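# Chain and residue survey
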Amino acid sequence: MTVGERQVHYLRAGCGLPVVLLHASPGDHRPLRELVRELAPWFSVYALDTPGHGGSDRLPAAEPGVEDYGAALGETLTALGLERVHLYGTHTGAKIALAFAVEHPERVASLVLDGLGISTPGERADQLANYLPPVLPRGDGTHLVAAWHQVRNMFLFWPWYREEPGARLSAAMPDPEQLHDVTAGLLEAGEAYPLAYRAAFTCDPVPMLARLAVPTLVLASPGDPLHAHLARIPAAGAGVRVEHPPFGAGPAHVAARLRAQATGCSAGVREAPEPPGPLLADRLSRRYVRTRLGQSLIRWIAPAAGARPLAVLPPAPASGRAVERLLARAGSSRPALAVDLPGTGDSELDGPLDVDAGELAGAVVDMLDEAGLDTVDLYGTGAGGAIAAEVARRHPARVHALALAALPDPDRVSAGLVAARTPDLTPDDHGIHLLRAWHLVRDGALRAGQVYDGRALGEPHRRVLDIVKAWPSYGSAFRVAALAALARQPADLRAPVVAADPIWDPFLAATEIIQPSSRRDGRGGVDELLSALDEAGT
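Residues numbered from 1 in each chain as written. Predicted model: local features only at pLDDT ≥ 70, side-chain atom pairs only at ≥ 80, totals over all residues. Heavy atoms only, no water.

### Section: helix 12 (residues 383–394)
Operational definition: Helix and strand assignments follow DSSP, with helices taken as H or I runs no shorter than four residues and strands as E runs no shorter than two, numbered in order from the N terminus. Each residue after the first adds 1.5 Å to the expected span of a helix. Type-normalised accessible area, obtained with a 1.4 Å probe on protein chains alone, sets the label of each residue: buried when under 20%, exposed when over 50%, and partly exposed for intermediate values.
Between its first and last C-alpha, helix 12 extends 17 Å over 12 residues, near the 16 Å set by a 1.5 Å rise per residue. Here helix 12 lies mainly inside the structure; 11 of its 12 residues are buried. When we look at burial in helix 12, the residues that qualify are Ala-383, Gly-384, Gly-385, Ala-386, Ile-387, Ala-388, Ala-389, Glu-390, Val-391, Ala-392 and Arg-393.

### Side note on the nonpolar core
To keep it simple, the criterion reads: The set of buried Ala, Val, Leu, Ile, Met, Phe, Trp, Tyr and Cys residues whose side-chain atoms join them within 4.5 Å is what this entry labels a nonpolar core. Contact criterion: two residues are considered in contact whenever any of their non-hydrogen atoms come within 4.5 Å of each other.
Within the largest apolar cluster, 84 residues are counted, with the highest numbers of intra-cluster contacts made by Leu-402 and Ile-467. Residues within four places of Leu-402 in sequence aside, it is in contact with Leu-378, Ala-388, Ala-389, Ala-392, Leu-493, Pro-496, Val-497, Val-498 and Leu-533. Grouped together as the second largest cluster of nonpolar side chains are 45 residues, Val-3, Val-66, Tyr-69 and Leu-73 included.

### Remarks on the packing of helix 14 (residues 432–447) against helix 15 (residues 458–469)
Put simply, the rule reads: Here an axis means a line fitted to C-alpha atoms, over the contact stretch when the element is a helix, while the angle between two N-to-C directions is reported on a 0 to 180 degree scale. For classification, angles of less than 35 degrees are called roughly parallel, those exceeding 145 degrees roughly antiparallel, those between 65 and 115 degrees roughly perpendicular, and all remaining angles oblique. Helix crossings get a hand from a simple test, with the near helix turned counterclockwise from the far one by less than a right angle marking a left-handed crossing and a clockwise turn marking a right-handed one.
It is at 9 Å that the axes of helix 14 and helix 15 come closest, and there the two elements cross at 130°. Taken together, the axes of helix 14 and helix 15 are oblique relative to one another. For the element pair helix 14 and helix 15, the recorded crossing hand is right-handed. Of the residues in helix 15, those touching helix 14 at Leu-434, Ala-437, Trp-438, Leu-440 and Val-441 are Pro-460, His-461, Arg-463, Val-464, Ile-467 and Val-468.

### Concerning the packing of helix 5 (residues 142–154) against helix 14
As a reminder, the rule being used: Under the scheme applied, nonpolar residues are Ala, Val, Leu, Ile, Met, Phe, Trp, Tyr, Cys and Pro; charged residues are Asp, Glu, Lys and Arg; polar residues are all the others, including Gly.
The interhelical angle for the contact between helix 5 and helix 14, taken along N-to-C directions, is 160°, at an axis separation of 9 Å. Between helix 5 and helix 14, the angle is such that the two are roughly antiparallel. By crossing handedness, the relation of helix 5 to helix 14 is classed as right-handed. Facing Thr-142, His-143, Leu-144, Val-145 and Trp-148 of helix 5, the residues of helix 14 in contact are His-433, Leu-434, Leu-435 and Trp-438. Class assignment for the residues of the contact of helix 5 with helix 14 results in 6 nonpolar, 3 polar and no charged.

### Notes on the sheet that holds strand 14 (residues 376–381)
Rules: At least two DSSP bridges between two strands are needed for those strands to be called paired.
Spatially, 8 strands are ordered 10-11-13-12-14-15-17-19 in an open sheet, and the strand pairing comes out mixed. Only two strands of the sheet have a single neighbouring strand rather than two, namely strand 10 (285–291) and strand 19 (520–521). Where strand 11 (residues 294–301) lies against strand 13 (residues 336–339), 4 bridges are found, and the strand directions are antiparallel. Looking at strand 13, one finds that Ile-301 is bridged to Ala-336. Most of the contacts of helix 11 (residues 357–370) go to strand 10, to which it runs at about 120°, and overall it touches strand 10, strand 11, strand 12 (310–313), strand 13 and strand 14. Sitting on the sheet, helix 17 (residues 526–536) touches strand 12, strand 14, strand 15 (399–405), strand 17 (497–499) and strand 19, and the angle it makes with strand 15 is about 140°.

### Let's talk about the pattern of salt bridges
Worth spelling out the cut-off: Just to be clear on terms, a salt bridge is a Lys or Arg side-chain nitrogen sitting within 4 Å of an Asp or Glu carboxyl oxygen.
In the structure shown here, the tally under the stated rule is 32 salt bridges. We note a salt bridge from Arg-33 to Asp-181, for which the minimum N-O separation is 2.6 Å. Here Asp-181 lies in helix 6 (residues 176–189) and Arg-33 lies in helix 1 (residues 33–39), a separation of 148 residues in the sequence. The closest approach of N and O atoms between Arg-299 and Glu-324, which form a salt bridge, is 3.1 Å. Placement of the pair is Arg-299 in strand 11 and Glu-324 in helix 10 (residues 324–330), with a sequence separation of 25 residues. Residue class for Glu-324 comes out partly exposed when judged on its relative accessible area of 30%. Here the salt bridges share partners, and the residues they tie into one network are Glu-188, Arg-321, Asp-346, Asp-466 and Lys-469.

Next comes the structure, spelled out in structure tokens:
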């Protein structure tokens, strides 16, 4: 949803009185999904991505403080129509929740703080100096493994960089998928990931606790590095309770405490409303739409008035981030949107992974319907081009003209090659799957004759993030699209076809038809493409 000049990404589940969950740094809402499932039978649960993390935009301040994050939380609750909520925060999220509850007690019915850091001045200085190494892409991909090691050590030592016997933690190591969620969140936040951390490290919660006027429970599992900080909480006020959970207490225990806390504190809390519709301005924004294959993310820009809409299918398994420059340029004169195909980027793929080209094409039409678009110009490149052709073939009334680029070459692409370029990326204990993803993308660049120096590694890094975020399903759309393109080429299409500029695609590099068979040439830039699409439909 859009909140002022920024967008906020959240997960919602269940129905009933609203409970809002704030995650720890450096990830996003994903490590809270199990807690969401525990609470959903009883509440409307909102798990928010902290600004600058996951899908939420950064705050405008260069160095925001915890009070800035608290104010942003209030703006988000207002935009969601939530006047008063039960609030939970863990680690960084606990300090944000505390800051908001202190300033706006009338909006917080009850508060649960899970892992509240109370550092000494010396500890705080040490953390600020050592806890937050930058994420700097390296050509060999070792920055990904460094991030994995950093996250893994967070469950082994406190602080994570002090690998000493006295710093060893007793908690069990999370499974690789949980480690992957946190690491992917750190990498997704990139240069912004230290900001919320710094706000938390520099915040002393003790004066805030003294000002609290909200029924509050403070707890931390014995395996939590902040469990020892429970002893640092000063004599609690009448409304603040401190609990030492049993060893091994997890989301079910926290959910039970949240339910108990909320039971006697729900006066004035209303049933959660339906989330408001998207607030779209004349700039690039994101929203989710429902399709037959699950929720899909679209990137959208819509001027107040303009020509026929342009829909863009990126080179799967890349997300719509790969075509944002095209969207921005086209969106100055017409509505333009790009989709994360089901199973790629931030789009779901519900059910089995063995979908067919017709189902993917139908999901694209579902997205157009949800966006309120009837007939569009459709651009597709790489595997996205094969799906675009399938949309035009099966739903000709929806496509005014079709722009295609870099389709799979049936003489050079085989089922074996497609399988080789979509290897298993299941997270493993040591993060090797991240290196596999990096070299998959880097080798594609080398096949295309591209050698990235240290100043240009951001592009392959973003492509790697696209595929590792969707590791269970990232290859599905690519495999379906590539094989569909081998079976049927654009010659049988009724829609007029325009040759388009390709978007770099490491998955099809050196195995693509750069210019599809077409009498219409829309290459040479966005203006040429849009002009050729207009002429093609007349």
